[in-house]
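One letter stands for each residue in the lines below.
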Amino acid sequence: MKRKVIAIISVIGVCVSLSACAKIEQPTQSVENSVTTIASTSSKLTEPSEHGTSAYVDYICYKAKTDAEDATDEELQAALDWLKENVENIFSSQENMELTMYNGELLEYRYKKTGNDFEKIGWQAFKTVKYVYRGAETKSDQATVDNYAKLKELLSAADDIA
């Protein structure tokens, strides 16, 4: 009985830690300033106080989803350009990982269910850094290495949006 309870609690913990957009907390000022290049921010969106957490990942995800609704082609192109220009540095700082997740999710949500390359790039960028950002994986973990290689491949083949 005790093992079943521990197993159930463990499964719940894994599910919660793997969620990408479940809880919303308050993010940091530097990301907020960088991320607000796209102006539409929900009034319900509250920035978490602590970076590097699942809550901050959720905030970035939700913000990008909200911003994607009104993003222009120029703003989407800027997100794609940022990813292309910074692909070699996405793990170099907390801010770069946050911008990678934001720009990736912006593209993914804008092109959701289209199956096009921009949706794929967006998802690939987000999943490549989110576990490293939270400290659940390292840059050298095989999943991260594989995701990073795929992201580079997608970005090198990507056409412009507009």
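Our subject is the structure listed above.
Residue positions are counted from 1 within each chain, in the order its sequence is given. Confidence filtering applies because this is a predicted model: local features only for residues at pLDDT of at least 70, side-chain atom pairs given and counted only at 80 or more, and all residues used for totals across whole chains, interfaces and linings. To get the side-chain values, all heavy atoms of the structure are used, and hydrogens and water are removed first.

Okay, the overall build of the chain next. Of the regular secondary structure elements, the chain holds 7 helices and 0 strands. Secondary structure follows DSSP: runs of H or I at least 4 residues long count as helices, runs of E at least 2 residues long count as strands, and numbering of each begins at the N terminus. Beginning at the N terminus, the succession of helices and strands in the chain can be written as α-α-α-α-α-α-α. We call a residue buried when its accessible area falls under 20% of the maximum for its residue type, exposed when it is over 50%, and partly exposed in between, using a 1.4 Å probe and counting protein chains only. Of all 162 residues assigned to the chain, the portion counted as buried reaches 45%. Any two residues having at least one pair of non-hydrogen atoms within 4.5 Å are treated as being in contact. Long-range contacts, defined as pairs at least 24 residues apart, comprise 68% of the intrachain contacts of the chain with a sequence gap of at least 6. Accessible surface area values rest on a Shrake-Rupley calculation with a 1.4 Å probe, where residue burial reflects the displayed protein chains alone. In the form shown here, the chain has an accessible surface area of approximately 8,600 Å², with 52% of it arising from carbon and sulfur atoms.

Another aspect to go through is the packing of helix α3 (residues 54-68) against helix α5 (residues 94-110). With their axes 8 Å apart at the nearest point, α3 and α5 run at an angle of 40° to one another. With respect to α5, the element α3 is oriented oblique. Handedness of the crossing formed by α3 with α5: right-handed. Contacts between α3 and α5 involve Tyr56, Val57, Ile60, Cys61, Lys63, Ala64, Lys65, Asp67 and Ala68 from the former and Glu98, Met101, Tyr102, Glu105, Leu106, Tyr109 and Arg110 from the latter. Residues are sorted three ways: Asp, Glu, Lys and Arg are charged, Ala, Val, Leu, Ile, Met, Phe, Trp, Tyr, Cys and Pro are nonpolar, and all the rest, Gly among them, are polar. Looking at the contact of α3 with α5 residue by residue, the class counts come to 10 nonpolar, no polar and 6 charged. Axis definition: a line fitted to C-alpha atoms, limited for helices to the stretch in contact. Angles are taken between N-to-C directions and run from 0 to 180 degrees. Angle categories are assigned with fixed cut-offs, so that under 35 degrees is roughly parallel, over 145 is roughly antiparallel, 65 to 115 is roughly perpendicular, and the rest are oblique. Crossing chirality is assigned from the near helix's rotation relative to the far helix, an anticlockwise turn below a right angle marking it left-handed and a clockwise turn marking it right-handed.

Once that is clear, we can look at helix α6 (residues 117-134). One fewer than the residue count of a helix, multiplied by 1.5 Å, yields its expected span. Under the 1.5 Å per step criterion, the end-to-end length of α6 is 26 Å for 18 residues, consistent within 8% with the ideal 26 Å. Of all 18 residues in α6, 14 are buried; the element is thus mostly enclosed. Residues adjacent in sequence count toward polar contacts only when both atoms are side-chain atoms; beyond that, a polar contact is any pair of N or O atoms within 3.5 Å, and within protein one must be able to donate a hydrogen and the other to accept it. For α6, the N-terminal cap is Asn116; the gap from its side-chain oxygen to the backbone nitrogen of Phe118 is 3.0 Å. Within two residues after α6, Gly135 carries a phi angle of roughly 85°, on the positive side.

Remark: helix α4 (residues 73-86) packs on α5, axes separated minimally by 9 Å, with the N-to-C direction vectors making an angle of 135°. Comparing the axis directions of α4 and α5 gives the class oblique. Viewed along their axes, α4 and α5 form a crossing whose handedness is left-handed. Contacts between α4 and α5 pair Glu75, Leu76, Ala79, Leu80, Trp82 and Leu83 from the former with Asn96, Leu99, Thr100, Asn103, Gly104, Leu106, Leu107 and Arg110 from the latter. Across the contact of α4 with α5, the residue classes tally to 8 nonpolar, 4 polar and 2 charged.

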